[in-house]
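# Summary of the model geometry
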Amino acid sequence: MPFTVSGDDSVTFEMDANEAAKVVGISDFGGDADNITLMGQSAGAISVQLLCLDEKNAGLFRRAFLMSGAGRFPKFAQPRRAEDTHAYWLDFMRLAGCGSLAELRALPLDRLFDAVEQIRAKRKDNSFHTMPVVDGALLPDTVDVLMRRPLPVDTVLGYTAADMYAPLIDRKSTRLNS
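To keep things clear, this report deals only with the structure shown in the data block. (Residues numbered from 1 in each chain as written. Predicted model: local features only at pLDDT ≥ 70, side-chain atom pairs only at ≥ 80, totals over all residues. Heavy atoms only, no water.)

## Remarks on the nonpolar core
With 12 residues, the main nonpolar core is built from Ile36, Leu38, Ala45, Val48, Leu51, Cys52, Leu60, Phe61, Ala64, Leu66, Leu151 and Val153. Where this core is concerned, the elements lending two or more residues are α2 (43–52) and β2 (63–67). In terms of residues, this core owes the most to one element, α2, which gives four residues. Excluding anything up to four places from it in sequence, Phe61 contacts Ile36, Leu38, Leu51, Cys52, Leu151 and Val153. (Core = buried A, V, L, I, M, F, W, Y, C linked by side-chain atoms within 4.5 Å. Buried < 20%, exposed > 50% of the residue type's maximum accessible area, 1.4 Å probe, protein only. Helix = DSSP H or I, 4+ residues; strand = E, 2+ residues; numbered from the N terminus. Contact = heavy atoms within 4.5 Å.)

## Regarding a nonpolar patch on the surface
A grouping of Met39, Phe65 and Val156 is seen on the molecular surface, where their side chains present a nonpolar patch of about 270 Å² in accessible area. As for its position among the elements, Phe65 is in strand β2. Exposure remark for Phe65: the relative accessible area of 35% places this residue in the partly exposed category. (Patch = residues over 30% accessible without salt bridge, like charges linked within 9 Å, V, L, I, M, F, W, Y side chains within 5 Å. Areas by Shrake-Rupley, 256 points an atom, 1.4 Å probe, with all protein chains shown as cover. Salt bridge = Lys/Arg side-chain N within 4 Å of Asp/Glu carboxyl O.)

## Observations concerning the environment of Gly44
Residue placement: Gly44 occurs in helix α2. Exposure remark for Gly44: the relative accessible area of 23% places this residue in the partly exposed category. Sequence-wise, Gly44 and Met67 are 23 residues apart; in three dimensions their C-alpha atoms are separated by 8.3 Å.

## Structural notes on the sheet that holds strand β5 (residues 154–158)
On the basis of which strands lie adjacent, the open sheet formed by three strands has the order β1-β2-β5 and parallel pairing. On the outer flanks of this sheet lie β1 (37–41) and β5, each paired with one strand and no other. Here the average twist between neighbouring strands, direction ignored, is 10°. Relative to β5, β2 is paired through five bridges, and the arrangement is parallel. The residue of β5 that forms the bridge with Phe65 is Val156. Contacting β1 and β2, α2 crosses the sheet at an angle of about 140° to β1. (Pairing = 2+ DSSP bridges. Axes fitted to C-alpha atoms, helices over the stretch in contact; angles between N-to-C directions.)

## Quick look at the packing of helix α3 (residues 86–96) against helix α5 (residues 109–122)
Put simply, α3 and α5 touch, their axes get as near as 9 Å, and they point 125° apart. Judged on the interaxial angle alone, α5 and α3 are oblique. In the crossing of α3 with α5, the sense of the turn from one axis to the other is right-handed. Contact residues: Tyr88, Asp91, Phe92, Arg94, Leu95 and Ala96 in α3; Arg111, Leu112, Ala115, Val116, Gln118, Ile119 and Lys122 in α5. Here the residues of the contact of α3 with α5 sort into eight nonpolar, one polar and four charged. (Parallel < 35°, antiparallel > 145°, perpendicular 65-115°, else oblique. Left-handed = near helix turned anticlockwise from the far one by under 90°. Nonpolar A, V, L, I, M, F, W, Y, C, P; charged D, E, K, R; others polar.)

The quantities given are spatial measurements derived from coordinates; they are silent on function.
Right, dumping it as structure tokens:
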């Protein structure tokens, strides 16, 4: 869930991936630490692209392979400012019967999934609030600002036939063998 890092309450893919790239000794597994390639598909591609836009990741990887989810960030995939998602997550916590993030974390899985179904039925803006958020720490700025200064990373963009396509790719002129 996209909570901010204004305390000890945030764990996100971007933080995990950033820390993993720093901590994991790729050479301990027979890899070349100077030749790391990240790969993501769908939401994973969006996460990898966000890693490629954050200067604190400079030098951690050389290449990125992005499938079905990266590109020019359509409106629905634009990270919102963290404060703009708070009302949604407070509503979710209320539906889950939780008064704090600690209570939400301790919630049994079946009750958590019940709350997910309730909020999906209640609100039509779910995808807008479940994307990464601009919090100034993990995602330092809006994507339109970050895209002006991407990391110098070799990048391959593609899409799968059974997923969303990257808006950067013109389906009429691009044909993949299936």
